[in-house]
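# Notes for the structure review
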Amino acid sequence: MNETGLSEEEIRSILNDSKAQDLTYERVLSSMCTYPHKIAVEAHMQFIESNMGDFGLFRGTYDLEKKVLSALGELLHETNIVGYMTTGGTESNIQAIRSMRNIFLQQHKSQDSLLEDQNFERPNLVVPDSAHFSFDKVSDILDVELRKASLDKDLKVSVESVGSLIDQNTIGLVAIAGSTEFGQVDPIKELSDIALENNIFLHVDAAFGGFVLPFMEKSYDFDFKLPGVTSIAIDPHKMGLSTIPSGALLFRDSHQFESLRADTPYLTVSTQYTLTGTRSGAAVAATYAVMNFLGKEGYRETVSRCMELTDYLLDKLAEMDVYPLIEPVMNVIALEVPECDLVRSRLAKEFNWQVSITQNPHGLRLVIMPHVSFEMIDSFVVDLKKVLDSLE
Ligand SMILES: *Cc1c(COP(=O)(O)O)cnc(C)c1O
């Protein structure tokens, strides 16, 4: 750090230079984030100092959080939920699994002295092979064994595989409503039945799909409507058009939420359920603003435009004999393309396009977010064709 500070002008000039090096979303087809809505940005700025880690000082923001949570609960078919606004899908997933593990350990402790029990094995969690990498962090942080269930030909988790991985140390299951790589939705109704039969928790990771599926023409059973679903992660900072960091974690049962409680002796409030301490109230206000400004109608329009663009792109690609690995369910496309890694890097180097890849099966991955336009797709397709033609 400098001994004496720089002038405002100097700082602005440095920041402008840095900002100029950031990519704008105009050529980004790889991200699940997008420009936040203007009304969200405005609210974010207005509440910039608000700290939800000490919400006794910020009663107004706290009230907005409760309103956001209850609107999300209503959207996900359970008005009587508990939860909080997180920094995103990763924190929501960590906390959901932490609550499962805490309750599992409490139950074992009450039966026997846990650590002395020779038969005690590590608790395990059954996740689809397509689960987001945040579950690898979950496993590491919580010391929970991750059991990855295989996928069927449509890249949904195989219900049989999930069933075969459950044993007496399984704390719960994870289902994905909108997988990060393929945008696929697992057979959550069947997983809900399995969870109920085995009396274990079922967490639905709808970080991406939570703001897509409820607004699609076709209806999907993925939320609290299914009786076995015990918690849901949903991210306003992805398709919810809010500002970063804005995620939400919802529990059906307050008992599960209670297992996350920590005492906070020197704050205005005496308990905390969050992973982080200091927490952005700005993102809370931003989410409240955009959800109430758009309403369901506004999100329906957003999703329907993204799907229209997705179909338009698929038609253009079909004309070039390029096809998706699975029929896209939402605005995420994984393409069957030779030499994906090379194509990806050449698109970036030669044409400044950001696309990503899927691992298994290997494909070129495109996310059609609200910043994408028909013109953008037209010019992308031309450039992709140039790259593919030159491979032959
Ligand atoms: C994006 C995503 C996450 C992680 O969310 P962050 O907000 O990046 O922490 C988790 N699960 C799924 C399915 C996602 O798409």
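The following paragraphs examine the structure supplied in this document.

Criteria and thresholds
- Residues numbered from 1 in each chain as written.
- Predicted model: local features only at pLDDT ≥ 70, side-chain atom pairs only at ≥ 80, totals over all residues.
- Heavy atoms only, no water.
- Helix = DSSP H or I, 4+ residues; strand = E, 2+ residues; numbered from the N terminus.
- Buried < 20%, exposed > 50% of the residue type's maximum accessible area, 1.4 Å probe, protein only.
- Contact = heavy atoms within 4.5 Å.
- Areas by Shrake-Rupley, 256 points an atom, 1.4 Å probe, with all protein chains shown as cover.
- Lys, Arg positive; Asp, Glu negative; His and termini not counted.
- Charge placed at Lys NZ, Arg CZ, Asp CG, Glu CD.
- Pairing = 2+ DSSP bridges.
- Axes fitted to C-alpha atoms, helices over the stretch in contact; angles between N-to-C directions.
- Near = heavy atom within 4 Å.
- Polar contact = N/O pair within 3.5 Å; in protein donor to acceptor, adjacent residues only side chain to side chain.
- 1 Å grid on protein atoms, 1.4 Å probe; cavity = no way out; pocket = protein on both sides within 12 Å on 5 of 7 lines; lining within 4 Å.
- Sits in = over half its atoms within 2 Å of the grid points.
- Nonpolar A, V, L, I, M, F, W, Y, C, P; charged D, E, K, R; others polar.
- Points joined across faces, edges and corners; volume = space filled by probe spheres on them.
- Domains from an automatic or database assignment.
- Phe/Tyr/Trp six-rings, centres within 6.5 Å; stacked < 30°, edge-to-face > 60°.

## With respect to the overall build of the protein chain
When helices and strands are counted, the protein chain shows 11 helices and 13 strands. Judged by the C-alpha coordinates and their principal axes, the protein chain covers about 65 × 60 × 45 Å. For the protein chain, the proportion of its 392 residues judged to be buried stands at 53%. Long-range contacts, defined here as pairs at least 24 residues apart, represent 72% of the contacts in the protein chain between residues at least 6 apart. Of the roughly 18,700 Å² of accessible surface on the protein chain, 49% is carried by carbon and sulfur atoms. For the protein chain, the centre of its 33 positive side-chain charges and the centre of its 58 negative side-chain charges are spaced 2 Å apart.

## Side note on the sheet that holds strand E7 (residues 247–251)
A sheet is described by the order of its strands in space; here seven strands give the open sequence E1-E7-E6-E5-E4-E2-E3, paired in mixed fashion. Only two strands of the sheet have a single neighbouring strand rather than two, namely strand E1 (82–86) and strand E3 (145–149). Taking the axes of each pair of neighbouring strands and ignoring which way they run, one obtains an average angle of 20° across the sheet. Bridging between strand E4 (residues 170–176) and strand E5 (residues 201–206) involves five bridges; their strand directions are parallel. Within E5, the residue paired with Gly172 across the bridge is Phe201. Docked against the sheet, helix H3 (residues 59–75) engages E1, strand E6 (231–234) and E7, running at close to 115° with respect to E1.

## Observations concerning the site of the ligand
Taken together, 14 residues surround the ligand, and among them Thr90, Asp205, Asp235, His237 and Lys238 come closest. Between the ligand and Asp205 there is a distance of 2.6 Å, counted from a nitrogen atom to a side-chain nitrogen or oxygen. Burial of the ligand by the protein amounts to 86% of the accessible area it has alone, namely 380 Å². In this structure, the ligand is accommodated by the largest pocket. Looking at the shell around the ligand, the element that brings in the most residues is helix H4 (residues 89–111), giving three residues. Here the shell around the ligand is composed, by residue class, of three nonpolar, eight polar and three charged.

## Here's the deal with the layout of surface pockets
A volume near 600 Å³ is recorded for the largest pocket. Looking at the largest pocket, it is lined by 34 residues, and the ones nearest its centre are Ala131, His132, Phe133, Thr180 and Glu181. Every element with two or more residues in the lining of the largest pocket is listed here: H4 and helix H5 (134–142). Residue assignment places the lining of the largest pocket across two domains, with domain 1 (8–36 + 296–391) and domain 2 (38–291) each supplying three or more. In this structure, the second largest pocket spans a volume of roughly 520 Å³. Around the second largest pocket, the lining is made up of 23 residues, and of these Ile171, Asn198, Asn199, Ile200 and Phe201 lie nearest the centre. Going through the elements one at a time, H4, E4, helix H7 (188–198) and helix H8 (254–258) are the ones with two or more residues in the lining of the second largest pocket. Residue contributions to the lining of the second largest pocket peak at five residues, all from H4. Among the residues forming the lining of the second largest pocket, the class breakdown is 10 nonpolar, 10 polar and three charged.

## What to know about the packing of aromatic side chains
Counted by the stated rule, this structure contains eight aromatic pairs. Between Phe211 and Tyr299, the ring centres sit 5.2 Å apart and the planes meet at 55°, which makes this aromatic pair tilted. Pair noted here: Phe211 is in the loop between E5 and E6 and Tyr299 is in helix H9 (residues 281–319), with a separation of 88 residues, a long-range link. Take Phe211 and Tyr299: they sit in the same class, and that class is buried. Consider the rings of Phe251 and Phe257, whose centres lie 5.8 Å apart with planes at 40°: the pair is tilted.

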